[in-house]
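Examination of the molecular architecture
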Amino acid sequence: MHPANMDDLGSKSGFTSLNPLSIPSAPTPAPAPASAGTKRKRDTQPKFYAVRVGKEPGVYHTWLECLDQVRGFPKSVFKSFPSMTEAQAFIAGERDLTNGVDAAGKLGTPQKWYGVRSGRIPGVYTSWEGVLDQIRGWKGPKHKMFKTRAEAELFVKEGAHGMNGHGSAMESIETNGGMPNKKKAKITIKPDPDLHEHIDYLPGEAPLDGAEDDFDATITLSHTDPATSLRFKTDKERSRTTYSVARPARLAPIRIYTDGSSLANGRAEAMAGVGVYFGPGDSRNVSEGLQGSKQTNQRAELTAVLRALEACPKDRRVVILTDSRYAINCCSEWFRKWRANGWVNAAGKLVENRDLIQKVVDNLEERLRMNEHRHVDSDEEDEADEGEVNGVAQNGGVKGYWERGPAGVKFVWVKGHAKDPGNEAADGLATAGARGARELVEADDDNF
């Protein structure tokens with residue numbers, strides 16, 4: 001192979017060379033004496049090609065033999081040396097590679113050996129991630145980094161024979177995450193004789209000193225090992241974010257979205273529906289057709305508010321979110337003047353939908369009477385005075401008429417069809433109720 005093609009070969013075959021390799025040339029006749037402008041002959045001294053990671057690790061005498069071992073082998077590691085001794089030392093990992101590669105095959109990084117004297121599985125490791133799996137969460141870990149495998153093995157062996165006394169502090173290079181950093185402050189861990197750090201406990205049998213609720217968070221159930229049902233968690237499993245169900249805040253109000261829908265609103269064939277949305281899959285959600293002969297959108301909106309109040313406990317704060325300003329104004333502002341005028345509006349006509357408005361107002365007044373005896377904490381008052389719910393302004397920040405007492409009701413207007421998840425869900429329930437009612441009417445018509 002021509003030397004000019006070496007870079008292309010390395011990029012295509014997937015192996016990593018540790019130094020620029022030169023291919024021995026075949027013997028050539030002695031050239032004429034060198035003169036100005038002529039090139040010097042390539043160095044033809046023998047080389048020894050050490051393959052540390054490849055198909056068959058070993059020392060090879062020609063580049064072609066070395067190439068056969070590393071070509072197509074993922075993350076192969078090899079290097080040429082002028083002597084057999086150096087090549088063998090490289091394979092054994094005893095050579096300090098100032099400009100070599102580490103176990104992952106990264107150029108320019110010296111090989112590091114990590115000795116884990118006290119951990120889940122004591123031994124020598126070639127990556128910091130492997131060390132973390134053995135020491136994270138372990139009581140009194142003992143580990144150290146070395147430049148050679150022999151030093152790391154000696155460190156582990158001394159620990160196995162108890163040569164390291166309890167009186168001396170052991171340096172730990174564990175950090176909060178990632179590789180160890182020389183610039184970060186080092187942590188010194190003093191051995192505690194009571195920890196029995198050299199006992200090799202099986203999963204689930206180690207002392208639970210400091211464990212919450214007598215539960216060891218470092219173990220989990222094993223589904224692969226038939227010999228035992230427990231195993232230690234991996235580093236990835238221990239650092240994984242876990243979610244748990246949280247209890248609702250003591251003073252949190254019940255938030256309900258309501259909506260009404262009328263198909264062909266204003267026509268004789270109109271059919272309306274009611275939607276009440278407490279949350280995903282909530283059994284209190286309502287999707288039904290509007291009762292009565294008047295199938296208007298306004299009556300559907302008022303009925304949805306009434307259904308929401310009927311489904312709520314009367315001793316809890318409630319926030320009703322609706323896109324109907326008509327329903328909010330009828331139940332919190334206009335009803336007072338209408339009632340004082342005998343349910344006659346400013347035009348001298350009877351108030352439309354009085355029956356539904358009266359039912360909603362009666363429900364709200366009953367809630368006030370039932371909770372008059374309850375004391376209102378300062379925390380409850382502060383929460384009731386909040387001017388926003390999830391960033392939605394409530395009546396300009398002014399307390400509404402029904403927001404009094406420990407079971408007050410707050411009406412919040414939200415813009416319809418503005419991609420508000422709760423409003424869209426309530427609208428879907430209302431529309432489904434209207435369509436269902438229309439299908440029932442059409443089926444009855446077909447039977448006659």
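Throughout what follows, the structure given in this document is the object of discussion.

About the criteria used
Residues numbered from 1 in each chain as written. Predicted model: local features only at pLDDT ≥ 70, side-chain atom pairs only at ≥ 80, totals over all residues. Heavy atoms only, no water. Helix = DSSP H or I, 4+ residues; strand = E, 2+ residues; numbered from the N terminus. Buried < 20%, exposed > 50% of the residue type's maximum accessible area, 1.4 Å probe, protein only. Contact = heavy atoms within 4.5 Å. Areas by Shrake-Rupley, 256 points an atom, 1.4 Å probe, with all protein chains shown as cover. Pairing = 2+ DSSP bridges. Axes fitted to C-alpha atoms, helices over the stretch in contact; angles between N-to-C directions. Parallel < 35°, antiparallel > 145°, perpendicular 65-115°, else oblique. Nonpolar A, V, L, I, M, F, W, Y, C, P; charged D, E, K, R; others polar. Phe/Tyr/Trp six-rings, centres within 6.5 Å; stacked < 30°, edge-to-face > 60°. Polar contact = N/O pair within 3.5 Å; in protein donor to acceptor, adjacent residues only side chain to side chain. Core = buried A, V, L, I, M, F, W, Y, C linked by side-chain atoms within 4.5 Å. Left-handed = near helix turned anticlockwise from the far one by under 90°.

Considering the overall build of the chain
Secondary structure summary: the chain contains 11 helices and 18 strands in total. Each of the 448 residues in the chain was classed as buried or not, and the buried ones make up 37%. Of the contacts made within the chain by residues no fewer than 6 positions apart, 60% connect residues no fewer than 24 positions apart. Here the chain has roughly 27200 Å² of accessible surface; of this, 52% comes from carbon and sulfur atoms.

Re the sheet that holds strand β5 (residues 113–118)
The strand order across the open sheet formed by 3 strands is β6-β5-β7, and the pairing between neighbours is antiparallel. With one partner strand each, in any of the chains shown, β6 (123–125) and β7 (142–146) form the two edges of the open sheet. If you compare each strand with its neighbour and ignore which way they point, the axes differ by 25 degrees on average. Bridge count between β5 and β6: 3 bridges; the pairing is antiparallel. Each bridged residue has a counterpart across the sheet, and for G115 the counterpart in β6 is V124.

Here's the deal with unusual backbone geometry
Although it is not a glycine, H417 adopts a positive phi angle of roughly 55 degrees. Along the chain, H417 falls in the loop between β18 (409–413) and α11 (421–446). Accessibility expressed as a relative area gives 69% for H417, which makes it exposed. A positive phi angle is found at K419, which is not glycine, with a value near 65 degrees. Within the secondary structure layout, K419 lies in the loop between β18 and α11. A residue is classified by how much of its surface remains accessible, and K419, at 72% relative accessible area, is exposed.

Section: the pairing of strand β12 (residues 254–263)
Across the 10 residues of β12, 9 count as buried, placing the element largely inside the fold. The pairing of β12 with strand β15 (residues 318–322) spans 5 bridges and is classified as parallel. Each residue of the ladder has a partner; that of I254, found in β15, is V318.

Focus: the packing of helix α8 (residues 325–340) against helix α9 (residues 354–370)
Their axes nearest at 10 Å, the elements α8 and α9 cross at an angle of 85 degrees. One finds that α8 runs roughly perpendicular with respect to α9. Contact residues: α8 offers Y326, C330, C331, F335, W338 and R339, while α9 offers I357, V360, V361, L364 and E365. Among the residues making up the contact of α8 with α9, the classes are represented as 9 nonpolar, no polar and 2 charged.

Concerning the packing of aromatic side chains
Counted under the stated rule, the structure contains 10 aromatic pairs. Seen from their ring centres, F335 and Y401 are 5.8 Å apart, and the 70 degrees between their planes marks the pair as edge-to-face. On the criterion of sequence distance, the pair formed by F335 in helix α8 and Y401 in the loop between β17 (392–393) and β18 is long-range, its members being 66 residues apart. Classification of Y401 as partly exposed rests on a relative accessible area of 27%. Measuring from ring centre to ring centre gives 4.8 Å for Y401 and W402, while their planes differ by 90 degrees; the resulting arrangement is edge-to-face.

Description of the side chain of R317
Take R317: it is sitting in the loop between α7 (297–311) and β15. In terms of polar contacts, R317 uses its side chain to reach the backbone carbonyl oxygen of G405, at 3.1 Å.

Thoughts on the nonpolar core
Of all hydrophobic cores here, the largest spans 35 residues; its most connected members are I256, V276, L302, I357, V409 and F411. Every element with two or more residues in this core is listed here: β12, β13 (271–277), α7, β15, α8, α9 and β18. Grouped together as the second largest cluster of nonpolar side chains are 8 residues, Y60, W63, C66 and V70 included.

As for the environment of A217
Within the element layout of this structure, A217 appears in the loop between β9 (187–189) and β10 (219–221). Using a relative accessible area of 47% as the deciding quantity, one classes A217 as partly exposed. Residues A217 and F232, 15 residues apart in the sequence, show an inter-C-alpha distance of 9.2 Å.

Some details on the sheet that holds β13
With mixed pairing, 5 strands are arranged side by side in an open sheet as β14-β13-β12-β15-β18. At either margin of the open sheet sits one strand with a lone partner, and together these are β14 (286–289) and β18. Adjacent strand axes in the sheet meet at a mean angle of 20 degrees when their direction is disregarded. With 5 bridges connecting them, β15 and β18 associate as parallel partners. Pairing of I320 across the sheet is with F411, part of β18.

Describing the packing of α7 against α9
At a minimum axis distance of 9 Å, the contact between α7 and α9 shows a crossing angle of 25 degrees. Classed by the angle they form, the pair α7 and α9 counts as roughly parallel. Like other packed secondary-structure pairs, α7 and α9 cross with a definite hand, here left-handed. Across the interface between the two elements, R299, L302, T303, V305, L306, L309 and E310 of α7 pack against D355, L356, I357, K359, V360, N363, L364 and R367 of α9. Counted by class, the contact of α7 with α9 contains 8 nonpolar, 2 polar and 5 charged residues.

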